[in-house]
Amino acid sequence: MEPYTTDGMARREASENAESSSESESGETNNNGDNSDDRISDIVLSLPSENKQINYELVGVVVHSGQANAGHYYSFIKDRRGNMMTNPSKGKWFKFNDTIVEEFEFNDTTIEAECFGGTYKAKVYDQCKFTL
């Protein structure tokens, strides 16, 4: 993943710039005038030998409720706007379900209850209660 991160792209760009400046000074290229093979080996050689751990922050989850041929999608989104002074909701999670947006306590138990299968219990209304 490292080659596609900001650090990896910067490293590759720096390597390409250094290579192009050394070529322009020496006038050397490979046999076919294209140095793409050299660039690939330089990129591979420039990767760090140890595995660099990159941590990502989860900021959204999309959930599908239903079956493969039909169902409903809704989302959980972490508010990242501003800072705690300008946005008291910063860092809080919200459930976006059609027109209903509500704060959501995001933890292992609640997200497991929302996202990992199980049985679906449909709401059934007793029509006898509503007859006049």
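Structure's up top.
Overview of the structure.

Rules behind the numbers
- In every chain, residue numbers begin from 1 and rise along the written sequence.
- Thresholds applied to this predicted model are a pLDDT of at least 70 for local features of residues and 80 or more for the giving and counting of side-chain atom pairs; totals over whole chains, interfaces and linings are not thresholded and use all residues.
- To obtain the side-chain values, all non-hydrogen atoms of the structure were included, while hydrogens and water were left out.
- Segments assigned H or I by DSSP are reported as helices when at least four residues long, segments assigned E as strands when at least two residues long, and all are numbered from the N terminus.
- Here a strand pair is declared whenever DSSP counts at least two bridges between the two strands.
- Axis angles are defined between N-to-C directions and span 0 to 180 degrees, where every axis is a line fitted to C-alpha atoms and, for a helix, only to the segment in contact.
- Residues count as neighbours in contact if any of their non-hydrogen atoms are within 4.5 Å of one another.

Focus: unusual backbone geometry
- At Asp98, a residue that is not glycine, the phi angle is positive and equals roughly 55 degrees.
- Assignment of secondary structure puts Asp98 in the loop between β3 (93-97) and β4 (100-104).

Some thoughts on the sheet that holds strand β2 (residues 70-78)
- Taken in spatial order, the four strands line up as β1-β2-β3-β4 in an open sheet, and their pairing is antiparallel. Two strands close off the open sheet at either side, each with one partner strand: β1 (60-67) and β4. With strand direction ignored, the average angle separating the axes of adjacent strands in the sheet is 25 degrees.
- In terms of strand pairing, β1 meets β2 through eight bridges, oriented antiparallel. Counterpart to Val62 in the pairing with β2 is Ser75.
- Running at roughly 160 degrees to β2, helix α3 (residues 108-115) makes contact with β1, β2, β3 and β4 of the sheet.

Note that all results are geometric; they support no functional claim without further evidence.
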